[in-house]
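Chain and residue survey
One letter stands for each residue in the lines below.
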Amino acid sequence: MGRPALRHGQGKFCPVARHRARSQSHPVNTRNQSKLRKAVKAVALFEAFKGLAALLGLMGLLSLLHHDLHGLAAEMIGHFGLSPQSRYPDILLTWVDKLIGTPTHTLVLLGCAYIAVRWVEAWGLWHDKIWGEWFGALTSGIYIPLEIRHIMIARHWQGVAVLVLNIALMLVLFWRIYDRKREAAKAEQPATPSLNRT
């Protein structure tokens, strides 16, 4: 009985063998990665939509700055048959009064900064950039303590829904980052050579 011999195209340092080992090893992982990439692209579309909604909102706000915003908000509340003293209309009127007291250039700068953050994040996620995943996880995580504090002060289901959504987005992105590191570690491991007895 002779020593085990390596077939042609096999071996520890052979690119063909390593490629075969990687392509045949974990088909389930490949399917999971495809689903994860689709989830990340869905996050990218959601962030791009938020940026677009912020842009339209900013444009609409700027077009109304020379009008009586408080009066327009009160008229809209009355149109829906709501009382200005009830909870949500009162919150709306309070925010309108804050906007009226904010300088226009401050509103524009804050709005443009938010839009830029959302679209930069969306571009990075759509193009499968790891910095986009870190950036998205960070921007989602920043709001979580503020949302928890807001829920503890004013308990309502909308705040809980926003909190759950942000946690879900952050978990998807962190899972993608973890999956990247796991695949990189597997790629660095040499494939086990196949032996054939002669």
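Just so it is clear, the structure is predicted and the values come from calculations on it, not from any experiment.

Next up on the list: a nonpolar patch on the surface. On the surface, Val120, Trp123, Ile130, Trp131, Trp134 and Phe174 cluster together to form a nonpolar patch covering roughly 590 Å² of accessible area. With three residues, helix α6 (residues 130-153) is the largest single contributor of residues to the nonpolar patch. Note on placement: phenylalanine 174 falls in helix α7 (residues 157-188).

Right, let's talk about the environment of alanine 74 for a bit. Here alanine 74 lies in helix α3 (residues 69-79). For the pair alanine 74 and proline 89, spaced 15 residues apart in sequence, the C-alpha separation works out to 8.2 Å.

Once that is clear, we can look at the environment of valine 172. With respect to the secondary-structure elements, valine 172 resides in helix α7. Here the alpha-carbon distance between valine 172 and arginine 37, two residues 135 residues apart in the chain, equals 9.7 Å. When sequence neighbours within four positions are dropped, the list of residues in contact with valine 172 reads Leu36, Ala39, Val40 and Val43.

On to the packing of aromatic side chains, then. Across all of its chains, the model carries three aromatic pairs by this definition. Look at tryptophan 123 and tryptophan 131: their rings are 6.2 Å apart centre to centre, the planes differ by 20°, and that puts the pair in the stacked class. Judged by centre distance (5.9 Å) and plane angle (80°), the ring pair of tryptophan 134 and phenylalanine 174 falls under edge-to-face. With a gap of 40 residues between them, tryptophan 134 in helix α6 and phenylalanine 174 in helix α7 connect regions that are remote in the sequence. On the basis of relative accessibility, which here comes to 42%, the residue tryptophan 134 falls in the partly exposed class. One residue, lysine 41, lies across the ring of tryptophan 126, its end atom 4.3 Å from the ring centre.

With that settled, the discussion passes to the confidence of the model for the chain. Mean pLDDT over the chain works out to 78, with 78% of the residues at or above the 70 mark. Summarising per-element confidence for the chain, the mean pLDDT is lowest in helix α1 (residues 15-25) (49) and highest in helix α5 (residues 104-126) (92). Here residues 8-13 scores under 50 on pLDDT; set against residues more than four positions off or in separate chains, the count is twelve contacts. A low-confidence stretch, residues 21-25 stays under pLDDT 50, and its non-local contacts, those more than four residues away or across chains, total two contacts.

Let's shift gears to the packing of α6 against α7. The interhelical angle for the contact between α6 and α7, taken along N-to-C directions, is 150°, at an axis separation of 8 Å. The pairing of α6 with α7 is recorded here as roughly antiparallel in orientation. Classified by chirality, the crossing of α7 by α6 is left-handed. Its residues assigned to classes, the contact of α6 with α7 shows 16 nonpolar, five polar and five charged.

Let's shift gears to unusual backbone geometry. At aspartate 128, a position not held by glycine, the phi torsion is positive, near 60°. Note that aspartate 128 resides in the loop between α5 and α6. In this structure aspartate 128 comes out as partly exposed when scored by relative accessible area, which is 27%.

Further remarks concern the environment of isoleucine 144. Within the secondary structure, isoleucine 144 sits in helix α6. Owing to a relative accessible area of 12%, isoleucine 144 belongs among the buried residues under this scheme. Taking the C-alpha atoms as reference points, isoleucine 144 and valine 164, 20 residues apart in sequence, are found 9.2 Å from one another. Apart from residues lying up to four places away in sequence, isoleucine 144 is in contact with Leu163, Asn166, Ile167 and Met170.

Of all hydrophobic cores here, the largest spans eleven residues; its members are Val40, Val43, Ala44, Leu125, Ala137, Ile144, Ile151, Leu163, Leu169, Met170 and Leu173. Broken down by secondary-structure element, the contributors of at least two residues to this core are α2 (27-64), α6 and α7. The element best represented in this core is α7, accounting for four residues. Excluding its chain neighbours within four sequence positions, the residues that come into contact with leucine 169 are Val43, Phe46, Glu47 and Ser140.

Cut-offs applied
Residues numbered from 1 in each chain as written. Predicted model: local features only at pLDDT ≥ 70, side-chain atom pairs only at ≥ 80, totals over all residues. Heavy atoms only, no water. Patch = residues over 30% accessible without salt bridge, like charges linked within 9 Å, V, L, I, M, F, W, Y side chains within 5 Å. Areas by Shrake-Rupley, 256 points an atom, 1.4 Å probe, with all protein chains shown as cover. Salt bridge = Lys/Arg side-chain N within 4 Å of Asp/Glu carboxyl O. Helix = DSSP H or I, 4+ residues; strand = E, 2+ residues; numbered from the N terminus. Contact = heavy atoms within 4.5 Å. Phe/Tyr/Trp six-rings, centres within 6.5 Å; stacked < 30°, edge-to-face > 60°. Buried < 20%, exposed > 50% of the residue type's maximum accessible area, 1.4 Å probe, protein only. Lys NZ or Arg CZ within 6 Å of the ring centre and 35° of its normal. pLDDT = per-residue confidence, 0-100. Axes fitted to C-alpha atoms, helices over the stretch in contact; angles between N-to-C directions. Parallel < 35°, antiparallel > 145°, perpendicular 65-115°, else oblique. Left-handed = near helix turned anticlockwise from the far one by under 90°. Nonpolar A, V, L, I, M, F, W, Y, C, P; charged D, E, K, R; others polar. Core = buried A, V, L, I, M, F, W, Y, C linked by side-chain atoms within 4.5 Å.

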